[in-house]
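Architecture and fold: a report
Each chain, letter by letter, is given below.
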Amino acid sequence: MEWVIALTAVVLLITVFILLSKAKSKPTEHKEIVTEKKSEEIHVSTTEEKRVDKGLEKSEISFKERLRLGLSRSRTEVWSKVSQIFTGNQMSDDHLDSIEELLYGADIGTATVSELIEAVKKKNKEEPMDENGFKQFLFTFLKEKISPIQSHLDSSLFSFVPEAEKKTKVIMVVGVNGAGKTTTIGKLATKLRAQGASVVVGACDTFRAAAVDQLQVWCDRSGATMIRAKEGANPSGVGYDALQAALNQQADYCILDTAGRLHTKENLMDELAKSKNVLKKLDPNAPHQVLLVIDAITGQNALRQAEEFHKSLNLTGLIFTKCDGSSKAGSAVSIVDQLKLPIAYIGVGETAQDLDLFNVDDYLNALLGREA
């Protein structure tokens, strides 16, 4: 009988020990879960901080550096090959053939390339060029092509100066769908508002509701007034209403978005011309600027676009967009040279800070990989 009691006592002790062990294990298990969760939260927080830091770093980068980053493809795929061409100290006929091929690959137009090659031949006969001499000559040649035309750019496009007599500056922005036209208008409105200018924006691309909504967001953020109409409304009518509102408010700027047009569609180009002419009923001098937004990725097709738009609308300037690492961007030289139209702005990204005044030296240095 005693051994039965002893055995029962042992069993009870073992059972109590097991229960106590399980009770202790639960808090430990819970603690591990909490620790893992905290670890996960710390990881997410650190990731977000890195994103913020990265954004801050970008905002601190000068536009010159952003442009240099944006044109990196041009340097690596095109201009860096100049070093591979020069195998000796002086330029030979073989060098010239390779250079000509390189220039075509850089999206510089046929007429400009032909003129440049002839100038290189002449210069090389007078004073044989090595690699460094050629790069310097190329920079000087391209700068002399662009600078005289850029000197005629209207400074009011990028620098607001209050006038004693309020006069509304009307800017009509055109371009094919996908060139970045609507976003560029938003950036331009933001920049002018930041300088203290009052801005009215006309959302005349009534065939794309998404474009109108996108423009509304930009206007809400910048404090610009937006005039819009229902989807499918007459684009020229919206432009007229926007200018009327700008004049009533004595706004400093009236910026008009337009429906994206294929430059090969004559009837659509005629519609743009109509939108331009209807503005003259309110102001005989309107629009004061007609700017074409060109996507740098389109290469030599950009020149043809510019030619057709210029023929129909008598452009006053250009905005070169999407120089963001995926473009060669050499077509800017040809367009300015052939059409004698200045580039007002150049864009390298999505934020308002990624659009800035086109500077010839900064552009050419970034394009050719040349130190300032």
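Attention in this report is confined to the structure presented alongside it. (Residues numbered from 1 in each chain as written. Predicted model: local features only at pLDDT ≥ 70, side-chain atom pairs only at ≥ 80, totals over all residues. Heavy atoms only, no water.)

1. What to know about the overall build of the chain
Heads up, the condition is: Helix and strand definitions here come from DSSP, where helices need a minimum of 4 consecutive H or I residues and strands a minimum of 2 consecutive E residues; each element is numbered from the N-terminal end. In this analysis, two residues are considered to be in contact whenever any of their non-hydrogen atoms come within 4.5 Å of each other. Accessible surface is estimated by sampling points in the Shrake-Rupley manner with a 1.4 Å probe; for residues, cover comes only from the protein chains shown.
Within the chain, the secondary structure is distributed over 14 helices and eight strands. Here the contacts in the chain between residues at least 6 apart in sequence split such that 78% fall between residues at least 24 apart. Within the structure as shown, the chain displays about 19500 Å² of accessible surface, and the carbon and sulfur contribution to it stands at 53%.

2. Comments concerning the sheet that holds strand 8 (residues 355-357)
Just so we agree on the cut-off: Between any two strands, at least two bridges found by DSSP are needed for them to pair. Helix axes are fitted to C-alpha atoms over the stretch in contact, other axes to C-alpha atoms as well, and angles between N-to-C directions run from 0 to 180 degrees.
Pairing within the open sheet is mixed, and its eight strands lie in the order 3-2-4-1-5-6-7-8. The outermost strands of the open sheet, each flanked by one partner alone, are strand 3 (225-227) and strand 8. The sheet shows a mean angle of 25° between the axes of neighbouring strands, direction not considered. Note that strand 1 (residues 169-174) and strand 4 (residues 253-257) share four bridges and pair parallel. Along strand 4, the bridge assignment pairs Lys169 with Tyr253. Packing of helix 8 (residues 181-194) onto the sheet brings it into contact with strand 1, strand 2 (199-203), strand 4, strand 5 (289-295), strand 6 (317-321), strand 7 (343-347) and strand 8, and relative to strand 4 it is tilted by some 170°.

3. Overview of the side chain of Thr321
As a reminder, the rule being used: Throughout, exposure labels follow a simple rule: accessible area from a 1.4 Å probe, protein chains only, divided by the maximum for the residue type, with under 20% read as buried, over 50% as exposed, and the rest as partly exposed. We call two N or O atoms a polar contact when they sit within 3.5 Å, provided that within protein one can donate a hydrogen and the other can accept it, with sequence-adjacent residues counted only if both atoms are side-chain atoms.
By secondary structure assignment, the location of Thr321 is in strand 6. The class of Thr321 is buried, set by a relative accessible area of 5%. From its side chain, Thr321 meets the backbone oxygen of Ala179 in a polar contact 2.7 Å long. Dropping the residues within four chain positions of it, Thr321 is found in contact with Ala179, Thr184, Val293, Ile294, Asp295, Ala296 and Gly347.

4. Observations regarding the nonpolar core
Here is the rule we go by: By nonpolar core we mean a set of buried residues, namely Ala, Val, Leu, Ile, Met, Phe, Trp, Tyr and Cys, connected to one another through side-chain atoms within 4.5 Å.
Ranked by internal contacts, the top residues of the largest apolar core, which has 89 residues, are Leu103, Val174, Val199, Phe309, Leu315 and Tyr363. Looking at this core element by element, the count peaks at eight residues for helix 7 (residues 131-150). By size, the runner-up hydrophobic cluster in this structure holds 16 residues, among which are Cys204, Ile227, Ala242 and Ala245.

5. As for the pattern of salt bridges
Rule in force here: The salt bridge criterion pairs a side-chain nitrogen of Lys or Arg with a carboxyl oxygen of Asp or Glu, the two atoms within 4 Å.
Taken as a whole and assessed by the stated rule, the structure comprises 15 salt bridges. A salt bridge links Asp362 to Lys64, with the nearest nitrogen and oxygen atoms 3.9 Å apart. In this pair, Asp362 sits in helix 14 (residues 360-368) while Lys64 sits in helix 2 (residues 63-70), placing the two residues 298 residues apart along the sequence. When its relative accessible area of 23% is taken as the criterion, Asp362 is described as partly exposed. On the basis of relative accessible area, Lys64 is assigned to the partly exposed category, the value being 42%. A salt bridge links Glu118 to Lys121, with the shortest nitrogen-to-oxygen separation between them at 3.9 Å. With a gap of three residues between them, Glu118 and Lys121 both fall in helix 6 (residues 110-126), about one helical turn apart. Of the residues examined, Lys121 reaches a relative accessible area of 36% and is grouped as partly exposed. Counted as one network, the salt bridges with shared partners bring together Glu115, Lys145, Asp337 and Lys340.

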